[in-house]
Amino acid sequence: RKRNPGEREFHQAVYEVAKSVIPFIKENPKYQQAGILQRMTEPDRTIIFRVVWEDDQGNYRINRGCRVQFNNAIGPYKGGLRFHPSVNLSILKFLGFEQTFKNSLTTLPMGAGKGGSDFNVKGKSDAEVMRFCQVFMTELSHHIGANTDVPAGDIGVGAREISYMFGQYKRLKREFTGVLTGKALEFGGSLIRTEATGYGNAYFMEEMLKHQDKSVEGKTCVVSGSGNVALYCAEKLNQLGGKVVTLSDSSGFIHDPDGIDEEKLAFLKQLKMVRRERIIEYAKKFSCEFYKGKRPWSIPCDLAFPCATQNEINLSDAKVLVSNGCKALSEGANMPTTIEAIQYLQQQKLLFGPGKAANAGGVAISGLEMSQNSLRLSWTVDELEKRLQNIMKNIHRQCVEFGDSDGYMNYVKGANIAGFKKVADAMLAYGVI
Ligand code: NDP
């Protein structure tokens with residue numbers, strides 16, 4: 001804390017990992033002697049830069065860009081770029097740190113990084129977004145590369161932003177390489193990348209339930225967010241026989257007790273991803289309730305899926321979920337549940353799937369996009385969906401291997417230890433570097 005003052009989210013992410021990893025390190029002193037956990041909490045390097053761009057009125061606007069290259073022990077740095085006014089070093093460091101364990105769990109050769117800017121895409125014209133992305137990439141291009149660091153999307157960075165940045169990289173470097181993932185299919189993108197994080201989260205829940213001889217079939221599901229992760233999580237839950245009754249955005253949430261089916265999701269994809277409008281339009285179109293400024297955790301459910309942003313479930317939300325009968329929660333977003341809320345949910349024996357395991361499907365398909373780019377070929381939807389399902393099963397299996405705590409399956413502990421071990425062993429093998 002002394003070395004990283006004020007970095008609240010970063011402290012939270014490290015605390016959560018340290019709690020389960022320190023007892024494991026005590027049982028395996030080789031990691032302690034080499035200071036592996038301390039080394040893992042210090043990024044390899046952090047690059048911070050100024051981004052000056054011109055708005056449509058001809059004014060110069062200044063934002064801050066950043067890339068935290070956290071750890072490349074098991075592969076090139078890999079992790080998303082986030083464009084949101086709340087972005088600061090603490091948030092990017094927590095995300096980069098989490099990414100170390102998540103990427104390790106996928107079993108693919110990917111290190112960890114995260115980056116982004118405090119640029120707000122909301123309310124900007126396409127031309128403004130393009131100019132911002134081009135200037136951002138002009139600096140970032142010095143620090144990334146297909147074998148060095150391969151960024152992807154995150155909040156505020158979707159297909160449009162990735163395309164502008166990839167175009168600029170290609171122009172600057174005069175080469176066509178898989179330097180970004182989440183690209184459009186026409187220029188090296190992978191099928192099902194868009195769907196992968198949300199689908200993977202639903203699959204992870206199915207795996208946790210299967211482990212207890214249960215399933216998603218017939219369960220009422222509460223989902224937050226209405227972005228990339230939330231919409232495709234809802235789509236897969238429907239396909240698995242669940243009933244999704246809520247979605248949200250930063251203005252509030254909608255409750256549709258009839259279920260948000262395929263047709264309603266198609267409307268939402270247009271509304272949120274193409275027209276970029278507010279979720280209240282859904283309530284108007286389908287005559288259901290809209291709760292302004294609220295999160296959906298007060299709605300009774302069997303299963304909960306926080307898929308919007310960090311710290312969106314606090315202790316009192318957790319208590320309401322449990323008292324309403326919620327039995328399991330799978331994190332689509334990164335660190336959406338506070339430490340106090342996780343502790344409470346685990347005390348109540350609720351099945352809890354942490355983001356670094358449950359939302360790893362997106363980066364897994366990004367890893368497969370890198371493989372396809374290297375091979376210069378594209379796999380089919382069936383092939384990729386099978387691989388995604390297998391990867392999520394594998395992640396679940398690794399969590400179970402290390403997660404048993406006196407009869408309660410502690411997925412937080414399992415994910416942290418399994419993710420740690422692979423990276424730690426690689427770092428040990430390299431010696432003091
Ligand atoms: P999007 O930008 O597509 O969607 C984010 C959604 O969350 C939007 O509905 C947005 O509302 C809402 N939201 C964002 N910030 C807040 C806030 N402070 N309060 C309330 N609602 C908010 O992002 P993604 O779906 O890609 O990402 C969502 C989460 O999943 C993030 O935590 C991200 O790090 C994580 N994640 C994403 C992956 C991916 O593949 N995309 C991979 C792994 C994790 P509004 O529309 O009003 O802005």
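Cut-offs and rules
- Residues numbered from 1 in each chain as written.
- Predicted model: local features only at pLDDT ≥ 70, side-chain atom pairs only at ≥ 80, totals over all residues.
- UniProt positions renumbered as here; feature names shortened; annotations may be inferred.
- Helix = DSSP H or I, 4+ residues; strand = E, 2+ residues; numbered from the N terminus.
- Buried ≥ 20, exposed ≤ 12 C-beta atoms within 10 Å, placed from the backbone.
- Contact = placed C-beta atoms within 7 Å.
- Near = placed C-beta within 6 Å.
- Nonpolar A, V, L, I, M, F, W, Y, C, P; charged D, E, K, R; others polar.
- Domains from an automatic or database assignment.
- Pairing = 2+ DSSP bridges.
- Axes fitted to C-alpha atoms, helices over the stretch in contact; angles between N-to-C directions.
- Core = buried A, V, L, I, M, F, W, Y, C linked by C-beta atoms within 7 Å.

Under an unreviewed UniProt entry, the protein chain has the name Glutamate dehydrogenase and belongs to Microbulbifer spongiae. The record held by UniProt for the protein chain lists under Subunit (unreviewed entry) the comment "Homohexamer."

(A) Up close: the overall build of the protein chain. In terms of helices and strands, the protein chain carries 16 helices and 14 strands. For the protein chain, the C-alpha atoms occupy an extent of roughly 60 × 55 × 45 Å along the three principal directions. Expressed as a percentage of its 433 residues, the buried residues of the protein chain come to 52%. The contacts of the protein chain with a sequence gap of at least 6 include a subset with a gap of at least 24, amounting to 74%.

(B) Examining the site of the ligand more closely. What surrounds the ligand is a group of 22 residues, the closest being Gly 227, Asp 249, Ser 250, Ala 333 and Gly 362. For the shell around the ligand, the leading source of residues is helix α8 (residues 228-239), giving three residues. Across the shell around the ligand, the residue classes tally to six nonpolar, 14 polar and two charged. Looking at which domains feed residues into the shell around the ligand, each of domain 1 (42-176) and domain 2 (195-353) gives three or more.

(C) Seen up close, the sheet that holds strand β2 (residues 60-71). Strand order in the open sheet made by the five strands is β1-β2-β4-β3-β5, with mixed pairing throughout. Each end of this open sheet is capped by a strand with a single partner; those strands are β1 (45-54) and β5 (149-152). Pairs of neighbouring strands in the sheet enclose a mean axial angle of 20°, with direction left out of account. Sheet topology places β1 next to β2; 10 bridges connect them, and they run antiparallel.

(D) Up close: the environment of Gly 325. Counting through the fold element by element, Gly 325 comes out in the loop between α11 (315-323) and β11 (328-330). On the basis of neighbour counts, which here come to 10 C-beta atoms within 10 Å, the residue Gly 325 falls in the exposed class. Separated by 150 residues in the primary sequence, Gly 325 and Glu 175 place their C-alpha atoms 55 Å from one another.

(E) Summary view of the nonpolar core. If you look at the biggest cluster of nonpolar residues, it comprises 101 residues, and the most contacted ones within it are Val 223 and Cys 233. Considering every element that reaches this core, the biggest residue donor is helix α16 (residues 411-430), with nine residues. Counting contributing residues per domain, this core is built from domain 1 (42-176) and domain 2 (195-353), each supplying no fewer than three. The residues touching Cys 233, leaving out its near neighbours within four places in the chain, are Gly 198, Asn 201, Ala 202, Val 223, Phe 305, Cys 307 and Gly 332.

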